[in-house]
Amino acid sequence: MSNEEKFELKLLGTGTSTGVPTISCDCITCTSTDPRDKRLRCSALITFNNKNIIIDTGPDFRQQFLKYDIKKLNAILYTHHHFDHIGGFDDIRGINFTSRDTLPIYLNTETLKNLSRIFSYAFQDYGETGKGIPMVDVNIISDGTIEIEGIEITILPLVHGSLEVLGFRIGDIAYCTDTNSIPQSTLDLMKDLDVLILDGLRPMKHNTHFNIEEAIDQAKIINAKRTYLTHIAHQIKHSEIEKSLPSGIKLAYDGITFSGKFNGKN
Ligand SMILES: [Zn+2]
Ligand SMILES: [Zn+2]
Ligand SMILES: [Zn+2]
């Protein structure tokens, strides 16, 4: 039996790897007072049935939990291992302290290899016991669909330079950051979307991210009802760039929240 249930997806951060403002920069975006020009590192929170699943734990993870008053976490999905997506990993200890339990993480083998290298103390036996280190249950994913706490998530393999990274589709919302190429087999999984969140780094070309022009071209192919660009660099001042985008395509900003539906298993 299945029945339609609601979820929300909130973007906790929409900035590129440096965050915006970028330290030591006084460009028009970094000095802007527009709150949409203040971008923490990319992350998204999926909320349903009083459960929280986060996509990525970047360096701003702790600040994002405080800012949005998020108290609990049921699982983490990782897109890839670049530091702007994993840098806050140590701070999941706060979740461990409160839940008195390990936290399930879902990631591909490349992400695990690098996460366990960078945060080796959490993955090797140093004879440490108790709650001094992040405590996780590792679940390896690469494609297909997974179910976490009763919600089905479709894995969207993406290309990010020479790296395979993961996007995720929940109901009719897809989250695809850090990519400059989407394989046809993944495009086939992205039909009939209401909302697409897509990498759109900056106007100039980049060898591991879609620039604005490429993101627009890709968005038109995917043809979601609404597309929001994320992983945004300081070369983009929200108010100026957004008015140049075609209808149906906008810039995301920190805190924007989308509602979706999924087929519950209850
Ligand atoms: Zn990134
Ligand atoms: Zn700047
Ligand atoms: Zn990356």
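Residues numbered from 1 in each chain as written. Chains lettered and ligands numbered in written order. Predicted model: local features only at pLDDT ≥ 70, side-chain atom pairs only at ≥ 80, totals over all residues. Heavy atoms only, no water.

Colleague: Sorry if this is basic, but what is going on with the overall build of the protein here?
Modeller: Within the protein one finds 8 helices and 14 strands. The globule rule puts the C-alpha radius of gyration for 266 residues at 18 Å, and the 18 Å found for the protein is close to it. When its C-alpha atoms are laid out on the principal axes, the protein stretches across 55 × 50 × 35 Å. In the protein, which comprises 266 residues, the share counted as buried stands at 53%. Across the protein, contacts joining residues at least 24 apart in sequence account for 65% of those joining residues at least 6 apart. Here the protein holds 28 positive side-chain charges and 34 negative ones, and the gap between their average locations is 5 Å. (Helix = DSSP H or I, 4+ residues; strand = E, 2+ residues; numbered from the N terminus. Rg over C-alpha atoms; globule rule 2.2 N^0.38 Å. Buried < 20%, exposed > 50% of the residue type's maximum accessible area, 1.4 Å probe, protein only. Contact = heavy atoms within 4.5 Å. Lys, Arg positive; Asp, Glu negative; His and termini not counted. Charge placed at Lys NZ, Arg CZ, Asp CG, Glu CD.)

Colleague: Could you clarify how one ought to interpret helix H4 (residues 109–118) in this entry?
Modeller: An α-helical segment advances 3.6 residues per turn. Residues three or four places apart therefore align on the same side. Within the sequence span of H4, burial applies to Thr-111, Asn-114 and Leu-115. When H4 is viewed along its axis, its buried side chains cluster within an angular range of 100° and face the same direction. Among the exposed residues of H4, those pointing more than 90 degrees away from its buried face are Thr-109, Lys-113 and Arg-117. In this fold, the buried residues of H4 make contact with helix H2 (83–86), strand E5 (103–107) and helix H5 (120–123). (Arc of directions from axis to C-beta.)

Colleague: Is there a simple way to explain the coordination of the zinc ion (ligand 1) in this structure?
Modeller: Ideal values differ by geometry: the angle at a metal is 109.5 degrees with four tetrahedral donors, but 90 or 180 degrees with six octahedral donors. Donor atoms from the polypeptide that bind the zinc ion (ligand 1) are Asp-84 (OD), His-85 (NE2), Asp-178 (OD) and His-231 (NE2), placed at 2.1 to 2.3 Å. Given 4 donor atoms and angles of 91 to 166° at the metal, the environment of the zinc ion (ligand 1) is assigned as irregular. The sequence pattern describing where the donors of the zinc ion (ligand 1) fall on their chain is D-H-x92-D-x52-H. Between the zinc ion (ligand 1) and the zinc ion (ligand 3) the interatomic distance comes to 3.5 Å, and Asp-178 is a ligand of both metals. Taken together, the positions of His-85 in helix H2 and Asp-178 in the loop between strand E10 (173–176) and helix H6 (184–187) put the pair 93 residues apart, joining distant regions of the chain. Take His-85: its relative accessible area is 0%, and that puts it in the buried class. The class of Asp-178 is buried, set by a relative accessible area of 1%. (Donors = N, O, S within 2.8 Å, 3.2 Å for Na, K, Ca; no water. Tetrahedral: all angles 85-135°; square planar, octahedral: opposite > 155°, others 65-115°.)

Colleague: Mind showing me how you'd approach the coordination of the zinc ion (ligand 3) here?
Modeller: The coordination sphere of the zinc ion (ligand 3), as far as protein atoms go, consists of His-80 (NE2), His-82 (ND1), His-160 (NE2) and Asp-178 (OD), spread over 2.1 to 2.3 Å. Coordination geometry of the zinc ion (ligand 3): the 4 donor atoms subtend angles of 90 to 173° at the metal centre, consistent with an arrangement described as irregular. Along the chain, the residues that donate to the zinc ion (ligand 3) are spaced as H-x1-H-x77-H-x17-D. A residue is classified by how much of its surface remains accessible, and His-82, at 31% relative accessible area, is partly exposed.

Colleague: How do you make sense of the pattern of salt bridges when you look at a structure like this?
Modeller: Pairing is possible between side chains that carry opposite charge, provided their charged atoms lie close to one another. Under the criterion given, the structure shown has 11 salt bridges. A salt bridge links Arg-39 to Asp-37; its shortest N-O distance comes to 3.1 Å. On the basis of relative accessibility, which here comes to 1%, the residue Arg-39 falls in the buried class. A residue is classified by how much of its surface remains accessible, and Asp-37, at 0% relative accessible area, is buried. One salt-bridge network, in which partners are shared between bridges, spans Asp-37, Arg-39 and Lys-237. (Salt bridge = Lys/Arg side-chain N within 4 Å of Asp/Glu carboxyl O.)

Colleague: Before we go on, may I ask you to explain the packing of aromatic side chains in this structure?
Modeller: Geometry of an aromatic ring pair is reported as the spacing of the ring centres plus the angle between the planes. Per the counting criterion, the structure on display carries 7 aromatic pairs. Both rings, one in Phe-89 and one in Phe-123, keep their centres 5.8 Å apart while their planes meet at 15°; by these two values the pair is stacked. Here Phe-89 is found in the loop between H2 and helix H3 (93–99), whereas its partner Phe-123 is found in helix H5, with 34 residues between them in sequence. For Phe-123, a relative accessible area of 26% gives the class partly exposed. With 6.3 Å between their ring centres and 70° between their planes, Phe-119 and Tyr-121 make a pair best called edge-to-face. Its relative accessible area of 8% is what places Phe-119 among the buried residues. Grouping aromatic residues by their ring pairs yields a cluster made of Phe-89, Phe-119, Tyr-121 and Phe-123. (Phe/Tyr/Trp six-rings, centres within 6.5 Å; stacked < 30°, edge-to-face > 60°.)

Colleague: In this structure, what is going on with the environment of Ser-17? I would like to understand it.
Modeller: Within the secondary structure, Ser-17 sits in the loop between strand E1 (3–13) and strand E2 (43–48). With a relative accessible area of 38%, Ser-17 lands in the partly exposed category.

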